[in-house]
Structures are given as C-alpha cells and as structure tokens.
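Residue-level structure breakdown
For reference, the chains in residue letters:
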Amino acid sequence: MFKALPFFITICLVAQTSFAQQEAVITNTQISPVAFKINQVLQSNMVIQQNKPFKVWGQAVSGEAVTVKADWLLQPVTVIAGADNKFMAIINVPEAKKGDYTAHTLTAESHHQKIMLTDLLIGDTWFLSGQSNMQFAMREVKDAATEIAAANQPNIRILNVGFNWNTKPIDTLKGDWQKVSPQTVKDFSAVGYYFGKELQSKLDIPIGLIYSGIGGSWEQAYVAQDVMAADTMLNRVYLKPFFDSPKSKEKLDGVFSFDRVYQPFLIHNAMINPFYNLSIKGICWYQGESNRAERESYLRLSYAQIKSWRKAFAQGDLPFYYVQVAPHAYEKFDSTLNDYAFFREVQEKISAMNNTAMAVTMDVGDAKNIHPTNKKPVGDRLARIALNRTYGMLDINYEGPHVDYVAFKKKKAIVNFTPASVKTGLRTTDGAEPKFFMIAGADQVFWPAEAKIINNTIELSTKQVKKPVAVRYAFTNYPVTNLENEDGLPVVPFRTDNWAEPVVAKK
C-alpha cells in the first residue's frame, strides 16, 4: 500500500505485473481503494481474435469511466464501472490479413490511470484442454531436442495456464502469454504446438494457443455444477456421490492431487470459467483415459460439456475438435479384452453433435505407455480437421477410412468404406497385410481374419468361420494399427454388430 501524500504532490508510477505484463501509469493525488486493472487473460504478447467483438474487462472504481483505445480503432470506447466495481468494454477487431504480423497496442484508462498492452497480434486463438496427453509437453516428445531447437515461431503465441481449482467460479489465473521459442515451447502442450504450427504455416496469420487443463483429470471436473445439477443422470452419477463423500467437505489448497481430480466442477471453476469472456476461434479437447470405464454417462457428460461451454463462450456453435484415446493395455496384456474399444466407440458418437469432429490415434498408441511420445500426428490431424471444417480448405482431407457397409459373400466379408475417406486409396504403413480384422458367425465368436486390400475395399476370410455375419476392426484394447489411406490417416475402428459388451468381473 502507498502512504497518503500531500495534495500538491503528483505521483507518476510505472508498474508491471508478472501475469499481465501491463504498463500502468498512475497520475493522481489520492490512492483509490479499488485498484484499476484488466483481467489477467488479457496481456501483452497475446493474439487478439480476428473478426469478432473483443471484450476488455476488469476492475475499476464504481461510477468511474473506463476508456479503451486500440491502434486499429477509429474511435475509443468508453464505459462506466458498475456498482460491483467491474467494467466491460466491447471493441471491434478487423479481419486478419494473410502475412500481416503487425504489432498492435491497446490501452485502458480510468481516473488518471493507464494500462497498456503491447505487441498484440490479430489472428486466431484456439482454446486447448484435457488431461495428460494434451498436457504432454514438447520436452517429452519423440526427437524433443531437434523439435524444440526448431521452434522459432514468434507469430505463434502461447498461454500455459497454471493448475488451480475452486469450489466457486473465479476469473483469475496463473500464466503469461509468450512468443513461441525454444525456451518457451518446451513446457507447452506438444499436441497444441503441432496443431498451431500447422495452422500458422497453412494460413499465414498469427495463431494464439491457450492450454488450460491438467493430467489425470476426469471430464466431470470440467463441467459447471449447475449444468450437471440440471441433468438427472449427471446429477446421480457425478454430483450426488461427490457431495455424499467426505472429500466434498475438505478444504482446497490449490495443490494438485490425483485423489481429487475426479471431483466434479472444481477445475471448471478455476481453469475454464476465467476464459468465457474471451473471443476464440475454437476448442481442441483430448481427454477420456480417466473415464474409460464409463459409457452412457460419459456420452451424456460430453454433450453437456460441449453445449455448456458453447453457451458460456456465447460465440455460437464453436468448433469442438477432439482426440479419440489411443490403444493401451493398462497392464492387462490379453489381446481379447475390448472394454477400451467400447469406450472409443462411445467417443466416436460425440461427433454426432454439430460442428464437432474426432482425430483418430489407432496407429500411434503404445500398449505399454499411456503417454505415447509421437504427438506430431495427433496435432497435425486436429489441424487437418480445422483447416477443412473451419477454414474451408476442402482439398485437405481430414477423415481416415470410415466403414460404409460390409457385404457378406459365402465365406468372405467385403468391407466397403465411405468413398470420400478412401478417395486417395488404401495402404499399410509397413507393407504387410492389414492387421486386427476379426469376423464371427451366428455363434458370436470372433476369429482373426486374413485381410487383403482389393482396390478400396478389404476382403476378409478365415477357416474358422464358414458363414460370417459380423466384422470388427481394431476392436480390442491395444491394437496399434497399420491400415490407412494415402493421406496417412488411420482407419476408424468399428464393429458391424450390436452384440452386448461382455461383463468383465472386477478384481
């Protein structure tokens, strides 16, 4: 706190905060009891979302005017701080121009105080979230030293949000917007960086990337309490058990612990809620490992998450692109187990929602490592989805071969894929025959099938099945596949039957 000063003394103070990197110039004879500040989401070095209204919000003395200026605005915007000492100004932002990396400046002024944000770029900002495979850092990837050394991308800006949780929604956060460099990228999401790098390369505009999530977390931790309370199933499956447990009475200390990241809404309140006023282009999500034992409730929860996030961001049906969990054995090396396959099937159903799409990782999983180190294909596939679906680059294919129908002819089964997904043809990554196809007869017993690529179809047969009636592909827990199209996109796992999932006895 500053001491009271004589009325005739003028103070000029230049101060910086580690989070917002703001320049504050204060000229006043009296120190206000309410500090003038803008929200920590808004910082120097950030990417301002192009072609959308942009909110500038923060704290100011009730009744005082707050004036926001930006070097791309013809006229400033002035608002009055409310009775709650909060303000929000909304300014227009122009469309980004290809190849334009002009550094912009934005200022907010109130009661003789001025906050300045510098080195702002106008482009597209994507919000990334999820658990450990999205958090997985560049320093951990395959060929990390080479990849990090090449990461001189000052026109990609990143915000790596520090972990936090809260019982009530808050609007503060930990983290600094930074330019991508070998020093800053090493601890940032590898999937996120590869995604942003590919977008920036193809679009030639600034790209902003925010990662706000934490390893080990369950999806219910990212959904608001009132959203789950309004849904009978979600309330019963997630909220009620939480509030009935002693854990709900424990005080949060802000320190991460694996025994609490299953708890609902706490991460949402501290790591998602602060961003709802921010204009963004879309969302990328990679989560599911923690919820793998769930089926209907996870699908219901995912729908609720996407719908509620979109409503809270208030920017229409924002693109929501997500990653299907990769093959993994979870230390149960039984090639017939398929509980994880049934979970992946549930994840695929999420893409029935408008403006969503799924990236497949069946070829880059690791039976023994829940965190596969080859993250570049994952980021690239999310980028392919965005470039095609969001940016209209229809010549960039984003779909791996997707089953259309299966024709059964005597002892053989012929797998046909949707034409668009195999328009470039089929191949295997290793030159061998396609792996992990299984066929069954009316007895519902599946046998490994011999598979051959015939034009853009797969021909299946096995001596054990005289009259096949059902086909499954990569429908076990940890099949690292080799079948893809010529764009390098793996076949989506599938089954043609609707037979019940086997009940696995719990140990």
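Note that the structure is a prediction, hence the values are computed from the model and not measured.

For the rest of this paragraph, the subject is the environment of valine 34. For valine 34, the position within the fold is in the loop between β2 (23-28) and β3 (37-38). According to the relative accessible area criterion, valine 34 is buried, its value standing at 17%. Other than its neighbours up to four places away in sequence, valine 34 contacts Gln59, Ala60, Val61 and Asn85.

This part covers unusual backbone geometry. Negative phi is the rule for most residues except glycine; trans is the rule for most peptide bonds. A positive phi is found at phenylalanine 265, a non-glycine position, where the angle reads about 60°. With respect to the helices and strands, the residue phenylalanine 265 is situated in the loop between α6 (232-243) and α7 (266-272). Unlike most non-glycine residues, glutamine 444 shows phi in positive territory, near 65°. The residue glutamine 444 is located in the loop between β20 (437-440) and β21 (446-448) in this model.

Glancing now at the environment of serine 62. Note that serine 62 resides in the loop between β5 (54-59) and β6 (65-70). Given a relative accessible area of 37%, serine 62 falls into the partly exposed group. The spatial distance from the C-alpha of serine 62 to the C-alpha of valine 34 is 8.7 Å, given a sequence separation of 28 residues. In this structure, serine 62 is in contact with Ala81, Gly82, Ala83 and Asn85, ignoring residues within four places of it in sequence.

Here we take up the packing of helix α4 (residues 190-203) against helix α10 (residues 376-390). Between α4 and α10, whose axes approach to 7 Å, the crossing angle comes to 45°. By the angle class used here, α4 and α10 are oblique. The handedness of the crossing between α4 and α10 comes out as right-handed. Packed against α4, whose contacting residues are Val191, Tyr194, Phe195, Glu198, Leu199, Lys202 and Leu203, the element α10 presents Lys376, Val378, Gly379, Asp380, Leu382, Ala383, Ala386 and Leu387 at the interface.

Moving on: α10. When the terminal C-alpha atoms of α10 are compared, their 20 Å separation across 15 residues agrees well with the 21 Å that a helix rising 1.5 Å per residue should span. Most of α10 is tucked away: 11 of the 15 residues are buried. Along α10, the positions that sit buried rather than exposed are Pro377, Val378, Gly379, Asp380, Arg381, Leu382, Ala383, Ile385, Ala386, Leu387 and Asn388. Those residues of α10 hidden inside the fold are in contact with β10 (113-130), α4, β14 (282-286), β15 (320-323) and β16 (356-359). The first or second residue beyond α10 is glycine 392, which carries a positive phi of 70°.

Strands pair in a sheet through their backbones, by hydrogen bonds, and they do so in one of two ways: parallel or antiparallel. Taken in spatial order, the four strands make up an open sheet running β21-β20-β24-β26, and their pairing is antiparallel. In the strand order of this sheet, the two ends are held by β21 and β26 (494-495), each with one partner. Alignment of β20 against β21, held across three bridges, turns out to be antiparallel. In the sheet register, alanine 440 faces β21, and the bridge partner there is phenylalanine 446.

Moving on: the confidence of the model for the protein. In this model, the protein carries a mean pLDDT of 93, and residues with pLDDT of at least 70 account for 93%. Under a pLDDT of 50 for its full length, residues 1-30 has, in the predicted model, 57 contacts with residues more than four places off or in other chains.

Take the packing of aromatic side chains next. One pass over the structure, following the stated rule, counts 26 aromatic pairs. Pairing phenylalanine 437 with tyrosine 473 gives two aromatic rings, centres 4.5 Å apart and planes at 35°, and the pair type is tilted. Taken together, the positions of phenylalanine 437 in strand β20 and tyrosine 473 in strand β24 (residues 470-473) put the pair 36 residues apart, joining distant regions of the chain. In this structure phenylalanine 437 comes out as buried when scored by relative accessible area, which is 2%.

Time to look at the side chain of threonine 67. Within the secondary structure, threonine 67 sits in strand β6. Here the side chain of threonine 67 touches threonine 78 through a polar contact of 2.9 Å, side chain to side chain. For threonine 67, the contacting residues outside a window of four places in its chain are Pro76, Val77, Thr78, Thr107, Ala108 and Glu109.

We now examine the pattern of salt bridges. Taken as a whole and judged by the stated rule, the model has 21 salt bridges. Notably, a salt bridge pairs lysine 69 with glutamate 109, separated by 3.5 Å at the nearest N-O pair. Taken together, the residues span a long stretch of sequence, with lysine 69 in strand β6 and glutamate 109 in strand β9 (residues 104-110) at a distance of 40 residues. A residue is classified by how much of its surface remains accessible, and lysine 69, at 39% relative accessible area, is partly exposed. One salt bridge connects aspartate 430 with lysine 435, and the closest N-O pair in it is separated by 3.7 Å. Taking relative accessible area as the criterion, aspartate 430 reaches 44% and is therefore assigned partly exposed. Residue lysine 435 is classed as partly exposed on the basis of its relative accessible area, which comes to 36%. One network of salt bridges, in which partners are shared, links Lys247, Glu250, Asp259 and Arg260.

Definitions and cut-offs
Residues numbered from 1 in each chain as written. Predicted model: local features only at pLDDT ≥ 70, side-chain atom pairs only at ≥ 80, totals over all residues. Heavy atoms only, no water. Helix = DSSP H or I, 4+ residues; strand = E, 2+ residues; numbered from the N terminus. Buried < 20%, exposed > 50% of the residue type's maximum accessible area, 1.4 Å probe, protein only. Contact = heavy atoms within 4.5 Å. Axes fitted to C-alpha atoms, helices over the stretch in contact; angles between N-to-C directions. Parallel < 35°, antiparallel > 145°, perpendicular 65-115°, else oblique. Left-handed = near helix turned anticlockwise from the far one by under 90°. Expected span 1.5 Å × (residues − 1). Pairing = 2+ DSSP bridges. pLDDT = per-residue confidence, 0-100. Phe/Tyr/Trp six-rings, centres within 6.5 Å; stacked < 30°, edge-to-face > 60°. Polar contact = N/O pair within 3.5 Å; in protein donor to acceptor, adjacent residues only side chain to side chain. Salt bridge = Lys/Arg side-chain N within 4 Å of Asp/Glu carboxyl O.

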